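Per-entry structural report
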Amino acid sequence: MLLGAPVGDTTMQVFAAFLGSTAFYILRRTTGSLIWAMVLHGVWDFSVFATGVGHEGDIAAIANVAYLFTGIMGLACVAFVIRGANERLDVSPAPATSGAGISAG
């Protein structure tokens, strides 16, 4: 947009990146490991670069629909994944010492 990119195309790219990263987040939260999200990201990148070579086939349209479906399902699952998270959010700070063991002289 700042450098002359069309607003509609840029908006779609931002929305697609948001959906994809939501799916990566859900995968990381449910598996507990970043490795699986990295593997999925690598597979996705390979599929994008592989379809950019030669003539676009029917699989490209199927991949776009699958990507959209995965992102929407990720959005639908976010609340359930966060609700089921086993995080220590209720940790209270350590009690302060009163200094009773310190003598003044």
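Heads up: the structure comes first, above all this text.
Here the structure is a predicted model, which is why all the values come from computation and not from measurement.

Let us now look at the overall build of the protein. A count of helical and extended segments in the protein gives three helices and zero strands. Listed N to C, the secondary structure of the protein is α-α-α in terms of helices and strands. With 105 residues in all, the protein has 11% of them scored as buried. For the protein, the computed accessible surface area is about 8600 Å², with 68% contributed by carbon and sulfur atoms.

The residue Ser21 is located in helix α1 (residues 7-31) in this model. Along the sequence, Ser21 and Ala37 sit 16 residues apart, while their C-alpha atoms lie 9.2 Å from each other.

Attention now moves to the environment of Ala16. Within the element layout of this structure, Ala16 appears in helix α1. When the C-alpha atoms of Ala16 and Asn64 are compared, they prove to be 9.8 Å apart, with 48 residues separating the residues in sequence.

Looking now at the layout of surface pockets. For the largest pocket, the calculated volume is near 530 Å³. Lining the largest pocket are 20 residues, with Ala16, Trp44, Val48, Asn64 and Tyr67 positioned closest to its centre. Listed by contribution, the elements that provide at least two residues to the lining of the largest pocket are α1, α2 (34-51) and α3 (58-83). With seven residues, the single largest contributor to the lining of the largest pocket is α3. Within the lining of the largest pocket, the residues separate by chemical class into 14 nonpolar, four polar and two charged. Counted as a void, the second largest pocket has a volume near 200 Å³. Elements that contribute at least two residues to the lining of the second largest pocket include exactly α1, α2 and α3. The leading source of residues in the lining of the second largest pocket is α3, at five residues. Tallied by class, residues from the lining of the second largest pocket come to nine nonpolar, four polar and no charged.

Rules behind the numbers
Residues numbered from 1 in each chain as written. Predicted model: local features only at pLDDT ≥ 70, side-chain atom pairs only at ≥ 80, totals over all residues. Heavy atoms only, no water. Helix = DSSP H or I, 4+ residues; strand = E, 2+ residues; numbered from the N terminus. Buried < 20%, exposed > 50% of the residue type's maximum accessible area, 1.4 Å probe, protein only. Areas by Shrake-Rupley, 256 points an atom, 1.4 Å probe, with all protein chains shown as cover. 1 Å grid on protein atoms, 1.4 Å probe; cavity = no way out; pocket = protein on both sides within 12 Å on 5 of 7 lines; lining within 4 Å. Points joined across faces, edges and corners; volume = space filled by probe spheres on them. Nonpolar A, V, L, I, M, F, W, Y, C, P; charged D, E, K, R; others polar.

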